[in-house]
Amino acid sequence: MTQASSSPQTITPALREWIVAQAEAGHDAPSVLKAMLDSGWQEDVAIQAMETTLSDHLEAQALQQGLPPRSAVPEPDLDESPLCIDAGDREVSVLLVMAQPRIVVFGNLLSEEECEGLIAAARPRMARSRTVATQTGGEEVNPDRTSDGMFFGRGESELIQRIEARIARLVRWPVENGEGLQVLNYQPGAEYKPHYDYFDPQEPGTPTILRRGGQRVGTVVMYLNKPEKGGGTSFPDRHMEVAPQRGNAVFFSYERPHPSTGTLHGGAPVLAGEKWIATKWLREREFN
Ligand code: PD2
Ligand code: ZN
């Protein structure tokens, strides 16, 4: 490997080729980094070169294998491993962080009064849940989802505006890219079978759905009450379940509409009591 001894050092095509060759020869990241440092590369330049080169290389391989291209995704600021995030008008706790798939569990996203307020405003408007019909791009009753639900319009009340602004700040994604908040109520026995929240590119109705804001790239499920038993949000491929504690929320993002994101998830059956959630889905672009 050639190296640049005088500063500033720049990431050259030759360096990128060398990094890819090392990775393909099976050398792990720490040993590649060490080789670069030993030959005089500055540490920050070496790390940056490895990160961008390997991520671009992985994306090129994914596209070659026929996967859909990657999009930017919402992402909370988790640099320096914060225990709390300032979401503008509220300090939100960080309870769990997973890298792949990106899942973050938040505590204290909503106050008790906000949970109550959402339920009270949603209750008179509840009807059997509908999902987007992927065949046509319209809406349909979905047998995999035995809950009742409704959508608020974006920004339709002061309470909704406040919560939407908080989520936007928390996951650093524009309010305008969010769908209206959906509230769901599950009675005992009700569940939401495992699914992906993105729209399947193979389905005939998907191009119509994508005209409004592009793909979904992130989800925030907020727990508005605490069922007596059951009703967690499960990630079956990761053997993981988030307990539905009032005011808490689970966030996850998916950078391409593909199962390789590992974001298969479901609402486990409610075994006793009832369950209320509010879901915010985030699109690539402005949703209207
Ligand atoms: O109720 C849930 O926990 C749940 C599970 C899976 C909600 C959603 N998906 C959703 O609203 O997309
Ligand atoms: Zn879902």
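Residues numbered from 1 in each chain as written. Chains lettered and ligands numbered in written order. Predicted model: local features only at pLDDT ≥ 70, side-chain atom pairs only at ≥ 80, totals over all residues. Heavy atoms only, no water.

Looking now at helix α2 (residues 29-38). Residues spaced three or four apart along an α-helix point in a common direction, a consequence of the helix completing one turn every 3.6 residues. Where α2 is concerned, the buried positions are Val32, Leu33 and Met36. Looking straight down α2, one finds that the buried residues subtend no more than 100° of arc, so they occupy a single side. In α2, the exposed residues that point more than 90 degrees away from the buried face are Pro30, Lys34 and Asp38. Each element contacted by the buried residues of α2 is listed here: α1 (13-24) and α3 (43-64). Just past α2, the residue Gly40 takes up positive phi, approximately 105°. (Buried < 20%, exposed > 50% of the residue type's maximum accessible area, 1.4 Å probe, protein only. Helix = DSSP H or I, 4+ residues; strand = E, 2+ residues; numbered from the N terminus. Arc of directions from axis to C-beta. Contact = heavy atoms within 4.5 Å.)

Further remarks concern the site of ligand 1. All residues in the neighbourhood of ligand 1 are listed as Tyr186, Tyr192, His195, Asp197, Thr233, His265, Gly266, Gly267, Lys275, Ile277, Thr279 and Trp281. Interatomic distance of 2.5 Å between a side-chain N/O atom of Tyr186 and an oxygen atom of ligand 1. In this structure, Asp197 approaches ligand 1 through a side-chain N or O atom, which is 3.2 Å from an oxygen atom. Out of a free accessible area of 310 Å², ligand 1 has 100% covered by protein chains. For the shell around ligand 1, the elements supplying multiple residues, two or more each, are β9 (192-195), β15 (265-267) and β17 (275-283). (Near = heavy atom within 4 Å. Polar contact = N/O pair within 3.5 Å; in protein donor to acceptor, adjacent residues only side chain to side chain. Areas by Shrake-Rupley, 256 points an atom, 1.4 Å probe, with all protein chains shown as cover.)

Taken as a whole and judged by the stated rule, the model has 17 salt bridges. Notably, a salt bridge pairs Glu75 with Arg102, separated by 2.7 Å at the nearest N-O pair. On the criterion of sequence distance, the pair formed by Glu75 in the loop between α3 and β1 (84-86) and Arg102 in the loop between β2 (91-98) and β3 (103-107) is long-range, its members being 27 residues apart. Overall, the relative accessible area of 19% leaves Arg102 in the buried class. The salt bridge partner of Glu179 is Arg216, with a shortest N-O separation of 2.7 Å. Of this pair, Glu179 sits in the loop between α5 (158-171) and β8 (182-186) while Arg216 sits in strand β10 (residues 216-223), placing them 37 residues apart in sequence. (Salt bridge = Lys/Arg side-chain N within 4 Å of Asp/Glu carboxyl O.)

Another point: the state of the cysteines. Per the counting criterion, the structure on display carries zero disulfides. We note that Cys84 lacks a disulfide partner, and the nearest cysteine sulfur, in Cys115, lies 17 Å from it. (Disulfide = S-S within 2.5 Å.)

Taking the relative accessible area as the measure of exposure, Glu179 reaches 5% and is therefore buried. A polar atom in the side chain of Glu179 sits 2.7 Å from the side chain of Arg216. For Glu179, the contacting residues outside a window of four places in its chain are Phe151, Arg216, Lys280, Trp281, Arg283 and Phe287.

This brings us to the environment of Asn225. Here Asn225 is to be found in the loop between β10 and β11 (229-230). Among the residues examined, Asn225 registers a relative accessible area of 12% and is labelled buried. Note: C-alpha distance between Asn225 and Arg246 (21 residues apart in sequence) is 4.5 Å. Here Asn225 is in contact with Pro244, Gln245, Arg246, Glu274, Lys275 and Trp276, once residues within four sequence places are set aside. A distance of 3.0 Å separates a polar side-chain atom of Asn225 from the backbone oxygen of Glu274. Here the side chain of Asn225 touches Trp276 through a polar contact of 2.8 Å, landing on its backbone nitrogen.

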